[in-house]
2 protein chains.
Amino acid sequence: MSNQKTVLDVEDVTVGGGCCAPLVAAPLNAEQAVDLSKAFKALGDPVRLRLLSLITSAESETCVCDLSAAFDLTGPTISHHLKVLREAGLIDSERRGTWVYYWPRPENLSRLSTLLATPRLAPA
Amino acid sequence: MSNQKTVLDVEDVTVGGGCCAPLVAAPLNAEQAVDLSKAFKALGDPVRLRLLSLITSAESETCVCDLSAAFDLTGPTISHHLKVLREAGLIDSERRGTWVYYWPRPENLSRLSTLLATPRLAPA
């Protein structure tokens with residue numbers, strides 16, 4: 001398992017004292033916005049979003065061999081997108097023998113989810 | 001108010017039959033991923049994320065004059081970023097006299113929030 005710190009692990013990515021309170025609670029400062037924008041940028045690509053959805057919706061860890069089979073892309077391209085997701089703190093991975101296996105990091109996905117939640121705003 | 005359709009208004013941005021069910025529910029198809037990635041790409045910039053947080057955390061509609069005052073950026077640059085957020089369906093706007101006023105679109109923010117929610121995954 002990777003123990004690298006990612007942008008979402010940085011302790012000062014907090015709003016109003018609690019990590020990643022909804023945007024409705026208080027404006028982000030510049031530093032928070034820089035860190036969080038990296039995670040959203042990682043999500044801002046259709047291949048990465050599909051990779052994340054495959055990994056997150058799987059019952060257990062997902063082999064890179066199965067992920068590659070779902071796309072008409074080269075192995076290095078898939079690996080690049082997986083690296084971006086891992087560095088953003090959205091997934092983690094471990095090599096076992098020939099293959100690398102991936103799983104989601106729900107604590108960080110939840111942080112982004114909470115950030116975009118709009119509890120005090122009624123839908124238009 | 002703008003009546004333009006945005007990527008998040010497209011009706012087929014649905015997962016498992018309901019709009020924007022969590023990623024944990026089912027993998028996104030290619031078309032869904034393309035549409036949703038545009039919204040996340042709009043969030044993948046620190047200035048846009050701060051603009052959105054200012055608009056979303058405000059008690060009422062936010063004048064572009066107040067938004068511009070919060071950044072050391074030119075008016076056209078701020079306007080460009082606001083346009084990206086509006087085209088992504090995250091905010092809406094209306095011109096009244098000299099100024100344009102902005103407000104959040106909570107229904108679309110909630111869709112993205114729900115997409116990233118991880119109800120069946122225990123935090124690591």
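Residues numbered from 1 in each chain as written. Chains lettered and ligands numbered in written order. Predicted model: local features only at pLDDT ≥ 70, side-chain atom pairs only at ≥ 80, totals over all residues. Heavy atoms only, no water.

Caption draft 1: Up close: the interface of chain A and chain B. Chain A puts 42 residues into the contact, and the matching count from chain B is 42 residues. Roughly 3,200 Å² is buried in total at the junction of chain A and chain B, and carbon and sulfur atoms are behind 71% of that figure. By the criterion of area lost to chain B, the three top residues of chain A are Leu23(A), Leu49(A) and Leu116(A), representing 16% of everything that side buries. Linking chain A with chain B are zero salt bridges. Across the chain A-chain B interface, the total number found is five residue pairs in polar contact (both at pLDDT 80 or more). Of all the elements in the fold, those that place two or more residues in the side of chain A that touches chain B are helix 1 (30–43), helix 2 (46–57) and helix 5 (106–116) of chain A. Of the residues contributing to the side of chain A that touches chain B, the split by class is 27 nonpolar, nine polar and six charged. (Contact = heavy atoms within 4.5 Å. Buried area = accessible area lost by both parts, 1.4 Å probe. Salt bridge = Lys/Arg side-chain N within 4 Å of Asp/Glu carboxyl O. Polar contact = N/O pair within 3.5 Å; in protein donor to acceptor, adjacent residues only side chain to side chain. Helix = DSSP H or I, 4+ residues; strand = E, 2+ residues; numbered from the N terminus. Nonpolar A, V, L, I, M, F, W, Y, C, P; charged D, E, K, R; others polar.)

Caption draft 2: Focus on the packing of aromatic side chains. This model, assessed by the stated rule, comprises one aromatic pair over all chains. Ring geometry for Phe40(A) versus Phe40(B): centroids 6.2 Å apart, planes at 10°, classification stacked. Separated into two different chains, Phe40(A) in helix 1 and Phe40(B) in helix 1 (residues 30–43) make up a pair that spans both. When sorted by exposure, Phe40(A) lands in the same class as Phe40(B), which is buried. Sitting over the face of the ring of Tyr101(A), Arg96(A) holds its NZ or CZ atom 5.1 Å from the ring centroid. (Phe/Tyr/Trp six-rings, centres within 6.5 Å; stacked < 30°, edge-to-face > 60°. Buried < 20%, exposed > 50% of the residue type's maximum accessible area, 1.4 Å probe, protein only. Lys NZ or Arg CZ within 6 Å of the ring centre and 35° of its normal.)

Caption draft 3: Representation of the sheet that holds strand 1 (residues 62–63) of chain B within the structure. Residue and element names in this part refer to chain B. With antiparallel pairing, the three strands of this open sheet are ordered in space as 1-3-2. Of all the strands in the sheet, just strand 1 and strand 2 (91–96) have a single pairing partner and so form its edges. Direction of pairing for strand 2 relative to strand 3 (residues 99–104): antiparallel, over a ladder of six bridges. Across the sheet, the residue bridging to Asp-92 is Trp-103, located in strand 3. Along the sheet, helix 2 (residues 46–57) contacts strand 1, strand 2 and strand 3; its crossing angle with strand 3, the most-contacted strand, is approximately 80°. (Pairing = 2+ DSSP bridges. Axes fitted to C-alpha atoms, helices over the stretch in contact; angles between N-to-C directions.)

Caption draft 4: Just the state of the cysteines, in detail. All names here are of chain A. Applying the stated criterion across every chain yields a total of two disulfides over all chains. The disulfide partner of Cys-63 is Cys-65, and the gap between their sulfur atoms is 2.2 Å. In this structure, the disulfide formed by Cys-63 and Cys-65 twists by about 130° around the S-S bond and is classed as right-handed. Looking at Cys-65, the relative accessible area reads 26%, which means it is partly exposed. (Disulfide = S-S within 2.5 Å.)

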